[in-house]
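Examining the three-dimensional arrangement
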Amino acid sequence: MQDLDHFAVIITAAGRGTRLGGEPKQWRDLGGDSVLARSIAAFDGFSRIIVVLHPDDMARGVAELSGRVTLIAGGATRSDSVRAGLLALSGSGVRHVLIHDGARPLVSAAVIAGVVSALQAGGQAAAPALAVTDALWRGEDARVTGTQPREGLFRAQTPQGFALDAILAAHRAFPEGAADDVELALRAGIEVAITPGDEDNLKLTYGPDFDRARRILGDAMDIRLGNGFDVHAFAEGDQVVLCGVRLPHERGLAGHSDADVGMHALTDAIYGALAEGDIGRHFPPSDPQWRGADSAVFLRHAVALAGERGFRIGNADVTLICEFPKIGPHARAMQDRLAEITGTDADRISVKATTSERLGFTGRGEGIACIATVTLLKD
């Protein structure tokens, strides 16, 4: 798109979203940003953006959007809100305006460019749409009562673009309003060009619409990878604790807590994926309250911290490195115990073991090491 100096954008976001219930849909989270913030971001190339909010939302708008857009209070209807935005642009030197639903956060640059190009080519009005391809029925009481030809029918989208003076005159001539601005333009005798729409440019109205939008944004999923490594030396004792399972053994493991090298490595992997350091940052070994502590306390804390940030465990892989004790007979029990503590399906947790071929401190039987890898997912 070129020469947008005389273009402005009005984004309508004054509705209450009563069909969805709860928080107004324009403020709901969608992939880490509000629906409205995503709608605004789609028009980053425009220097003048007006956002029309419900009066009750103005304080929130100032807090979250101030400096990026001009905020004005909307009216009782969509047409009232659009008219308020148009009046704010009157006399500003703007010649063309794009009017967009704040509940369409996935509008593409190509859709916007199509509308702009039609106006730059001399059109008084242009709007994106998709031809109706499904059969259409009329119905009553959950029964089909007739059919409707689909030829020549289109599904309207936004942004709808207009010459500012023309659409403002139409709003003044028909103050009763209409379903959208194209309808008002047609009443006023303005010819409206149809530009290409996009199936992904959906309007969020019901709960399943949000599910579809999240699927469209699937490649924006936040995926974190973390690694953990831990070592504990053998010491006096008659058992070791590995991945939450107690195994009889001729020696124990030295450590401030229960010295569960497997659980420590997995816990550090989760902290690492969250950029939260390691166990020592959250449970300092200098603190006597953690002496002999069950390492499940540490792992549960890491999982809870991930959950608070919206992450879940995608999978975890734990590899114990030792000559003895033998891990194979106990691997399934360890897998189940880690799954229980983390609240993860057991088939997403791997526990396995290897030796160091008699090399190094593990090969000499001086201790046990563990490496763990975890993926965290935020939908």
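Just so it is clear, the model here is predicted, and its values are computed rather than measured. (Residues numbered from 1 in each chain as written. Predicted model: local features only at pLDDT ≥ 70, side-chain atom pairs only at ≥ 80, totals over all residues. Heavy atoms only, no water.)

Quick notes on the overall build of the protein
Counting its secondary structure elements, the protein contains 12 helices and 19 strands. Whereas a compact globule of 379 residues would reach a radius of gyration of roughly 21 Å, the protein reaches 30 Å, over 25% beyond that. Counting every position in the protein, which comprises 379 residues, the buried fraction comes to 48%. A separation of at least 24 residues holds for 68% of the contacts in the protein among residues at least 6 apart in sequence. One way to put it: in the protein the 38 positive side-chain charges average out to a point 2 Å from where the 49 negative ones average out. (Helix = DSSP H or I, 4+ residues; strand = E, 2+ residues; numbered from the N terminus. Rg over C-alpha atoms; globule rule 2.2 N^0.38 Å. Buried < 20%, exposed > 50% of the residue type's maximum accessible area, 1.4 Å probe, protein only. Contact = heavy atoms within 4.5 Å. Lys, Arg positive; Asp, Glu negative; His and termini not counted. Charge placed at Lys NZ, Arg CZ, Asp CG, Glu CD.)

Notes on the pattern of salt bridges
All chains considered together, the criterion is met by 18 salt bridges. A salt bridge links R309 to E276; the shortest N-O distance between them is 2.3 Å. Here R309, found in the loop between α10 (296-308) and β17 (312-321), pairs with E276, found in the loop between α8 (261-273) and α9 (279-282); they are 33 residues apart in sequence, far enough to count as distant. Look at R309 and you get partly exposed, because its relative accessible area is 34%. Look at E276 and you get buried, because its relative accessible area is 14%. Of the charged contacts, one joins E323 and R358 as a salt bridge, the two residues approaching to 3.9 Å between their closest N and O atoms. Of this pair, E323 sits in the loop between β17 and α11 (331-342) while R358 sits in the loop between β18 (349-354) and α12 (360-363), and the two are 35 residues apart along the sequence. (Salt bridge = Lys/Arg side-chain N within 4 Å of Asp/Glu carboxyl O.)

Brief notes about the pairing of strand β13 (residues 222-235)
Relative to strand β19 (residues 367-378), β13 runs antiparallel, the two being bridged by 12 bridges. When the bridges of β19 are listed, D230 appears paired with C370. (Pairing = 2+ DSSP bridges.)

Structural notes on helix α4 (residues 109-120)
Taking 1.5 Å per residue, 12 residues should reach 16 Å; α4 reaches 16 Å between its end C-alpha atoms and fits that length. When we look at burial in α4, the residues that qualify are V111, I112, V115, V116 and L119. Down the axis of α4, the buried side of the element spans an arc of 130°, and every buried residue falls inside it. Opposite the packed face of α4, turned more than 90 degrees from it, sit the exposed residues A109 and A110. (Expected span 1.5 Å × (residues − 1). Arc of directions from axis to C-beta.)

Observations regarding the nonpolar core
Note that soluble globular proteins tend to have their nonpolar side chains buried in a common cluster. Counting residues in hydrophobic clusters, the biggest one holds 47 residues, and the most contacted among them are L242, I270, L320, M334, L338 and L376. Within the residue set of this core, elements represented by two or more residues are β14 (239-242), β15 (245-248), α8, α10, β17, α11, β18 and β19. For this core, the element with the highest residue contribution is α8, accounting for eight residues. Sequence-distant contacts of I270, defined by excluding residues within four places in its chain, comprise L299, A302, V303, A306, I313, V374 and L376. (Core = buried A, V, L, I, M, F, W, Y, C linked by side-chain atoms within 4.5 Å.)

Focus: the sheet that holds β18
In space, the five strands of this open sheet follow the order β16-β13-β19-β17-β18, with mixed pairing throughout. Of all the strands in the sheet, the pair left with one neighbour each is β16 (252-253) and β18. Sheet topology places β13 next to β16; two bridges connect them, and they run antiparallel. Looking across to β16, one finds that F234 is bridged to L253. Here α8 sits on the sheet in contact with β13, β17 and β19, set at roughly 150° to β13. (Axes fitted to C-alpha atoms, helices over the stretch in contact; angles between N-to-C directions.)

What about the packing of helix α3 (residues 78-89) against helix α5 (residues 164-173)?
Relative orientation of the contacting elements α3 and α5 amounts to 135°, with a least axis distance of 10 Å. With respect to each other, α3 and α5 are oriented oblique. At the point where α3 passes α5, the crossing takes the left-handed sense. When α3 is examined against α5, the residues S79, V82, R83, L86, L87 and L89 are found in contact with a partner set consisting of L164, I167, L168, H171 and R172. For the contact of α3 with α5, the residue count by class is seven nonpolar, two polar and two charged. (Parallel < 35°, antiparallel > 145°, perpendicular 65-115°, else oblique. Left-handed = near helix turned anticlockwise from the far one by under 90°. Nonpolar A, V, L, I, M, F, W, Y, C, P; charged D, E, K, R; others polar.)

Quick notes on unusual backbone geometry
With an omega of 15°, the peptide bond running from T158 to P159 counts as cis. With respect to the secondary-structure elements, P159 resides in the loop between β10 (154-156) and β11 (160-163). In the segment running from F324 into P325, the intervening peptide bond is cis, with an omega of 0°. Of note in the backbone geometry, D141 takes a positive phi value of approximately 55° without being a glycine. Looking at the secondary structure, you find D141 in the loop between β8 (136-140) and β9 (143-148). Look at D141 and you get exposed, because its relative accessible area is 68%. One non-glycine residue, R358, adopts positive backbone phi at about 65°.

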